[in-house]
Amino acid sequence: MNDAVVAAVASAHRRDWAQVLATTAQLTRDLDLAEECTQDAFAQALRVWADSGVPDRPGAWLTQVARNRARDVLRREAAFRRTLPLLVSDETVPGPEDLIADDRLRLIFTCCHPGLGREARVALTLRLVCGLSTAEVARAFLVPESTMAARITRAKRKIATARIPYRVPSADQLGERVGAVLQVVHLIFTTGHTAPAGPELLRRDLSGCAVRLARLLHLLMPNDTEVSALLALLLLNEARAGSRLGPDGRLRLLSEQDRSRWDAALIAEGTALLAGALRRRPPSRYAIEAAIAAVHAEAPSWAETDWGEIVALYTVLRRMWPGSPVVTLNRAAAIGMRDGPQAGLDALEPLLREPALATYAYLSATRADFLRRLGRWAAAVTAYEEALMLTGNEVERVFLAERLDEVRGHLTG
């Protein structure tokens with residue numbers, strides 16, 4: 001098969017999958033049928049483009065083929081399909097759809113409807129909006145493919161049987177519903193930024209999907225400062241992705257990374273978006289997190305990092321998000337960088353009794369690092385052993401095992 005055609009179809013899949021599926025679903029009012037027709041369109045592209053060449057507008061070509069296929073199926077099965085529950089598409093409800101005529105937005109809000117559980121929202125978004133295969137979604141959730149297939153099927157059935165509307169929420173609901181969408185996008189990114197388990201530190205398929213979703217939301221909702229803040233946060237973190245592993249495949253901490261490898265264009269784009277997002281009063285949680293990422297991104301070196309500013313930002317974030325012990329942990333780590341390892345340990349002390357962090361590897365790893373820097377080797381060994389026991393990512397496990405060997409060497413040396 002022509003490599004250029006394969007590359008063109010792959011590019012179109014990344015860029016146009018959500019639009020083709022969403023526009024087809026608007027016709028079919030059935031997510032399963034829309035997905036099937038969209039898959040058929042991409043399969044046809046592999047065959048047809050090899051002979052006719054890649055069209056000038058691949059997305060338009062794919063959409064036309066998918067919708068033609070859908071019309072054929074609907075005509076053939078019209079009598080049967082009248083007995084099935086279909087997506088509700090209420091075009092008479094006034095609201096943001098009148099201003100944002102993009103079926104992808106309908107699809108995103110449908111997948112992230114509050115009537116669905118959080119895992120179902122994420123799974124549907126990955127499958128339908130990002131175009132990941134069921135096997136890839138199952139891998140992200142660390143469950144068998146058959147389990148994920150059943151979960152996605154149940155979620156799609158609930159959308160139909162519960163009559164969840166296939167539309168952007170009305171103006172009075174939009175603020176509440178945008179938050180749910182942003183939570184899903186953020187969770188997808190964090191899962192890809194550091195995979196919870198498996199042999200890879202990063203899942204670029206997931207983090208890349210989240211960035212594309214955030215860009216899409218910003219394109220469709222350019223005046224929403226919370227959307228801008230989330231996109232800024234993702235871009236500023238994604239800018240460092242290429243330096244998080246060394247040539248040997250081992251983890252490189254922020255203090256060890258080659259900053260010349262950071263993506264300057266993403267940093268510039270992220271900081272520009274952040275400047276606008278910070279004009280909102282009060283700024284959103286994502287804006288504060290993006291501001292923390294920007295302090296790191298703009299520091300010429302690790303030694304020149306403004307830890308005072310980072311501690312202050314985490315203090316603001318903790319007031320905004322008082323129920324998150326992870327924010328308190330990150331603030332304690334920043335205190336240790338600003339004021340020394342003993343101050344960091346003192347700040348961590350209350351978290352040792354926090355039930356939500358009882359199995360959180362980063363608490364043990366942070367504490368282990370402070371103990372190592374203080375030369376408290378026996379306590380550091382115990383903390384590294386705890387962190388290693390709680391960590392499922394193999395790249396992180398290798399790093400922790402090396403640190404554990406290092407501090408054990410001080411005990412026996």
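Residues numbered from 1 in each chain as written. Predicted model: local features only at pLDDT ≥ 70, side-chain atom pairs only at ≥ 80, totals over all residues. Heavy atoms only, no water.

1. Some thoughts on the packing of helix α2 (residues 31-52) against helix α3 (residues 58-76)
- Closest axis-to-axis distance for the α2/α3 pair is 8 Å, and the angle between their directions is 125 degrees. Viewed along their axes, α2 and α3 adopt a mutual orientation that is oblique. Crossing of α2 over α3 shows right-handed handedness. Along the contact surface, α2 presents Leu33, Glu36, Cys37, Thr38, Asp40, Ala41, Phe42, Gln44, Ala45, Val48 and Trp49, while α3 presents Pro58, Trp61, Leu62, Val65, Ala66, Arg69, Ala70, Val73 and Leu74.
- Residues that form the contact of α2 with α3 fall into these classes: 15 nonpolar, two polar and three charged. (Axes fitted to C-alpha atoms, helices over the stretch in contact; angles between N-to-C directions. Helix = DSSP H or I, 4+ residues; strand = E, 2+ residues; numbered from the N terminus. Parallel < 35°, antiparallel > 145°, perpendicular 65-115°, else oblique. Left-handed = near helix turned anticlockwise from the far one by under 90°. Contact = heavy atoms within 4.5 Å. Nonpolar A, V, L, I, M, F, W, Y, C, P; charged D, E, K, R; others polar.)

2. Here we look at the state of the cysteines
- A full pass over the atoms with the stated rule returns one disulfide.
- The side chain of Cys130 participates in a disulfide bridge whose partner is Cys209; the two sulfur atoms lie 1.7 Å from each other. With Cys130 in the loop between α6 (118-129) and α7 (134-141) and Cys209 in helix α10 (residues 204-220), the pair connects residues that are 79 residues apart, well separated along the chain. Considered together, Cys130 and Cys209 belong to a single accessibility category, that of buried residues.
- In this structure Cys112 is not part of a disulfide, and its nearest cysteine sulfur, from Cys111, lies 6.3 Å away. (Disulfide = S-S within 2.5 Å. Buried < 20%, exposed > 50% of the residue type's maximum accessible area, 1.4 Å probe, protein only.)

3. Side note on the environment of Arg151
- Tracing the backbone shows Arg151 in helix α8 (residues 145-161).
- Given the relative accessible area of 18%, Arg151 is considered buried.
- Expressed as a C-alpha distance, the spacing of Arg151 and Ala120, which sit 31 residues apart in the sequence, is 7.0 Å.
- If we ignore the near neighbours within four places in the chain, the residues touching Arg151 are Glu119, Phe141 and Val143.

4. Quick notes on the packing of α6 against α8
- Between α6 and α8, the least distance of the axes is 10 Å, while the angle of their chain directions is 100 degrees. On the basis of their axis angle, the class for α6 and α8 is roughly perpendicular. Across from Glu119, Ala120, Ala123, Leu124, Arg127 and Leu128 in α6, the residues of α8 making contact are Met148, Arg151, Ile152, Ala155, Lys156 and Ile159.
- By residue class, the composition of the contact of α6 with α8 is eight nonpolar, no polar and four charged.

5. Structural notes on the packing of aromatic side chains
- The tally for this structure, following the rule as stated, stands at four aromatic pairs.
- With a centroid separation of 5.8 Å and 35 degrees between ring planes, the pair formed by Trp17 and Phe42 is classed as tilted. Separated by 25 residues along the polypeptide, Trp17 in helix α1 (residues 3-28) and Phe42 in helix α2 bring together distant segments of the chain.
- Classification of Trp17 by relative accessible area gives buried; the value is 3%.
- Residue classification places Phe42 among the buried positions, given a relative accessible area of 7%. (Phe/Tyr/Trp six-rings, centres within 6.5 Å; stacked < 30°, edge-to-face > 60°.)

6. So, the pattern of salt bridges
- Counted according to the given criterion, the structure contains 22 salt bridges.
- Of the charged contacts, one joins Arg403 and Asp369 as a salt bridge, the two residues approaching to 3.6 Å between their closest N and O atoms. Pair noted here: Arg403 is in helix α19 (residues 394-412) and Asp369 is in helix α17 (residues 361-374), with a separation of 34 residues, a long-range link. Neither Arg403 nor Asp369 differs from the other in exposure class; each is buried.
- Residues joined by salt bridges that share partners form a network here, namely Asp369, Arg372, Arg373, Arg403 and Glu406. (Salt bridge = Lys/Arg side-chain N within 4 Å of Asp/Glu carboxyl O.)

7. So, the nonpolar core
- Judged by nonpolar contacts, the single largest core of 100 residues is most densely connected at Leu107, Leu126, Val185 and Leu234.
- Setting aside anything within four residues of it in sequence, one finds Leu234 in contact with Val185, His186, Phe189, Ala210, Val211 and Ala214.
- Formed by 26 residues, the second largest nonpolar core is a distinct cluster that contains Ala368, Tyr384, Val395 and Leu404. (Core = buried A, V, L, I, M, F, W, Y, C linked by side-chain atoms within 4.5 Å.)

8. A few points about the environment of Tyr166
- Tracing the chain through its elements places Tyr166 in the loop between α8 and α9 (171-193).
- On the basis of relative accessible area, Tyr166 is assigned to the buried category, the value being 1%.
- Each C-alpha atom, one on Tyr166 and one on Thr153, is 17 Å from the other, the two residues being 13 residues apart in sequence.

9. Some points on unusual backbone geometry
- The phi dihedral of Arg29 is positive, around 55 degrees, even though this residue is not glycine.
- Assignment of secondary structure puts Arg29 in the loop between α1 and α2.
- Judged by relative accessible area, Arg29 falls into the partly exposed class, the value being 35%.
- The phi angle at Arg163 is positive, at roughly 60 degrees, despite the residue not being glycine.
- Note that Arg163 resides in the loop between α8 and α9.

10. Some points on the side chain of Lys156
- For Lys156, the location among the structural elements is in helix α8.
- Relative accessible area serves as the criterion here: at 10%, Lys156 is assigned to the buried category.
- One polar contact links Lys156 to Asp32, side chain to side chain, over a distance of 2.5 Å.
- Not counting residues up to four positions away in its chain, the partners in contact with Lys156 are Leu31, Asp32, Glu35, Leu124 and Leu128. (Polar contact = N/O pair within 3.5 Å; in protein donor to acceptor, adjacent residues only side chain to side chain.)

11. Things to note about the confidence of the model for the protein chain
- Taken as a whole, the protein chain shows an average pLDDT of 88; of its residues, 93% reach a score of 70 or greater.
- Counted against residues more than four places away or in other chains, residues 91-101, with its pLDDT under 50, gives 19 contacts. (pLDDT = per-residue confidence, 0-100.)

12. So, the environment of Arg76
- Within the secondary structure layout, Arg76 lies in helix α3.
- Taking the relative accessible area as the measure of exposure, Arg76 reaches 55% and is therefore exposed.

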